[in-house]
Amino acid sequence: MFLPAGSQDETGTQIANRLKAYEIFRKVTEERNYQLISTPVVEYAHTFTNKIAGMDLHSMLKWFNGEGEIEVLRPDWTAAVARAIAKQHISCQKWSYQGSVFRMDKDGTESRQAGIEIVHAEPFLGESECLLTAIHFLDKIETTNYIIELGHTNIFEYVIHPLSLTVEIEEELRNAMHNKNRDLVQQLMAPFDNSVKETLIQLIDAYGGNEIIKKFKDIWVNDVELSKLLNHMDKLIQLLESVGVAEVIVDLGRVKNLPYYDGIMFRGFLTSDGSTCFSGGRYDKLYKQFEMDTSAVGLAFDVDILSQHMKASKTKSIACIIATPETHLFAEKQRKELEEDIIDIQYDSTNVSKYDVVYQVIEENKQLKVVRK
Ligand SMILES: N[C@@H](Cc1c[nH]c[nH+]1)C(=O)O
């Protein structure tokens, strides 16, 4: 009631957890030498919908400005950060940000993200640093039950390349693969080469642990491109396993969920309910719009999901000091003595059963002091 669909008020723990997540994220990224960046909430639609960024205008919150240009509420940090840092010196490589994105194709219109983008870095270094930062952060917010999934855009793209599909069919096929809809993949592939169809159907089920990589290394042993790609994923899995990530899986049939991805993709799932807590990947091609041929990779945490799952912080004890208008200032000064506690000052002592401790300001020998009730 009184709020548009997709908008929401929040109170209490959800906000406290979100602020804590933001604070810890800032600390972790600062310790790892990331620079903070913030971009405006209002941008030109073109930053996100241009041919290379390729995002869909339909799902954006948009309007015309006085000059007839379409403006939007930031639907994505990655494209906005790319616009902002394209002119920076290439020695600036690691960027971190926190704030909302607005999209109508998600449950809530506004979702809060905390993310990193690494540009101009050696590709494996960038990818490793992204994943290690994610693990570092999850550890600091005491989120331990998660799975990291790796995918690669170029498996699907490489397999369908010989078919020269129309953009529309390609997109339909990509969606069918995304939804693991075997029937639709079969139907769309009916007019085409049987071996491509078989590979795609095989890829629908190609998710799981290390054994999937092994299996497909055998299947693709004679294909230089796909073998190279599997070795690359294998190297990242080894890195993740050696830093102690409990579960790493691959999904070789995964297709890009954002049009600008072109390489490795990663996702983090919380084991408690399977929700996605972070998502990211390589997107070198986004920099082509600025005539730059460089390496770019990043990921963003869904801070709303994290805050829903974070353990509540250790609660401090809540004390109340009963004062009067005359003794209010004296009570206020007691905060220094009771630094460990949360302090509320009240004039009325009828409703104090909710506090852990109750103090009262009294006057003794013309001196004010607080005593425990
Ligand atoms: N912008 C992506 C996450 C990402 C950051 N960097 C690369 N990918 C998203 O909103 O899902």
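This one's a predicted model, so the numbers in the text were calculated from it and none came from an experiment.

Moving on: the pattern of salt bridges. As a working rule, side chains carrying opposite charge can pair if their charged atoms are close by. Under the counting rule described, the total for this entry stands at 22 salt bridges. In this structure, Arg254 engages Glu149 in a salt bridge whose closest nitrogen and oxygen atoms are separated by 3.6 Å. Remark: Glu149 occurs in strand β7 (residues 146-152) and Arg254 occurs in the loop between β9 (247-251) and β10 (264-270); sequence separation between them is 105 residues. A relative accessible area of 4% means that Arg254 is categorised as buried. Here Glu149 falls in the buried class, since its relative accessible area comes to 5%. In this structure, Arg267 engages Glu149 in a salt bridge whose closest nitrogen and oxygen atoms are separated by 3.3 Å. Of the two residues, Arg267 sits in strand β10 while Glu149 sits in strand β7, which places them 118 residues apart along the sequence.

Moving on, we get to the sheet that holds strand β2 (residues 42-44). Spatial ordering of the open sheet is given by β2-β4-β3, a layout of three strands whose pairing is antiparallel. In this open sheet, the two strands that pair with only one neighbour each are β2 and β3 (62-64). Across the sheet, the axes of successive neighbouring strands diverge by a mean angle of 35°, strand direction being ignored. In terms of strand pairing, β3 meets strand β4 (residues 70-73) through three bridges, oriented antiparallel. The residue bridging Lys62 from the neighbouring strand is Val72, located in β4.

What follows is about the pairing of strand β6 (residues 110-119). When you tally the buried positions in β6, you get nine out of 10 residues, the bulk of the element. Judged from the nine bridges that link them, strand β5 (residues 94-102) and β6 form a sheet pairing that is antiparallel. Bridge pairing in β6 places Tyr97 opposite Gly115. Here seven bridges tie β6 to strand β12 (residues 296-302), and the two strands are oriented antiparallel to one another. The residue of β12 that forms the bridge with Ile118 is Val297.

Turning to the site of the ligand, a few remarks are in order. Near the ligand there are 15 residues, and of these Asp76, Thr78, Glu117, Tyr261 and Gly298 occur at the shortest range. With respect to the ligand, the side chain of Asp76 contributes an N or O atom lying 2.8 Å from a nitrogen atom. Burial of the ligand by the protein chains amounts to 96% of its free accessible area of 300 Å². Of all the secondary-structure elements, those providing two or more residues to the shell around the ligand are β6, β11 (276-282) and β12. When grouped by side-chain class, the residues that make up the shell around the ligand number seven nonpolar, six polar and two charged.

Before going further, it helps to spend a moment on the sheet that holds β5. On the basis of which strands lie adjacent, the open sheet formed by nine strands has the order β1-β5-β6-β12-β11-β10-β7-β9-β8 and mixed pairing. Each edge of the open sheet is held by one strand with a lone partner, namely β1 (35-36) and β8 (207-208). Direction of pairing for β10 relative to β11: antiparallel, over a ladder of five bridges. Counterpart to Met265 in the pairing with β11 is Gly281. In the packing of helix α3 (residues 77-85) onto the sheet, contacts are made with β5 and β6, and the angle to β5 comes to roughly 130°. Contacts from helix α4 (residues 123-140) reach β5, β6, β7, β10, β11 and β12, with the element oriented near 15° to β12.

Moving on to the packing of helix α5 (residues 153-160) against helix α8 (residues 194-204). Their axes nearest at 10 Å, the elements α5 and α8 cross at an angle of 160°. Here α5 is positioned roughly antiparallel relative to α8, judged by the angle of their axes. Read as a crossing pair, α5 and α8 show a hand that is left-handed. Seen from α5, the contacting residues are Ile155, Phe156, Val159 and Ile160; seen from α8, they are Val196, Thr199, Leu200 and Leu203. In terms of residue class, the contact of α5 with α8 is made up of seven nonpolar, one polar and no charged.

Attention shifts here to a nonpolar patch on the surface. Nonpolar side chains collect at one region of the surface, where Val41, Val42 and Trp63 lie side by side and expose about 230 Å² of accessible area between them. Summarising the element assignment, Trp63 is placed in strand β3. What makes Trp63 partly exposed here is its relative accessible area of 35%.

How each quantity is defined
- Residues numbered from 1 in each chain as written.
- Predicted model: local features only at pLDDT ≥ 70, side-chain atom pairs only at ≥ 80, totals over all residues.
- Heavy atoms only, no water.
- Salt bridge = Lys/Arg side-chain N within 4 Å of Asp/Glu carboxyl O.
- Helix = DSSP H or I, 4+ residues; strand = E, 2+ residues; numbered from the N terminus.
- Buried < 20%, exposed > 50% of the residue type's maximum accessible area, 1.4 Å probe, protein only.
- Pairing = 2+ DSSP bridges.
- Axes fitted to C-alpha atoms, helices over the stretch in contact; angles between N-to-C directions.
- Near = heavy atom within 4 Å.
- Polar contact = N/O pair within 3.5 Å; in protein donor to acceptor, adjacent residues only side chain to side chain.
- Areas by Shrake-Rupley, 256 points an atom, 1.4 Å probe, with all protein chains shown as cover.
- Nonpolar A, V, L, I, M, F, W, Y, C, P; charged D, E, K, R; others polar.
- Contact = heavy atoms within 4.5 Å.
- Parallel < 35°, antiparallel > 145°, perpendicular 65-115°, else oblique.
- Left-handed = near helix turned anticlockwise from the far one by under 90°.
- Patch = residues over 30% accessible without salt bridge, like charges linked within 9 Å, V, L, I, M, F, W, Y side chains within 5 Å.

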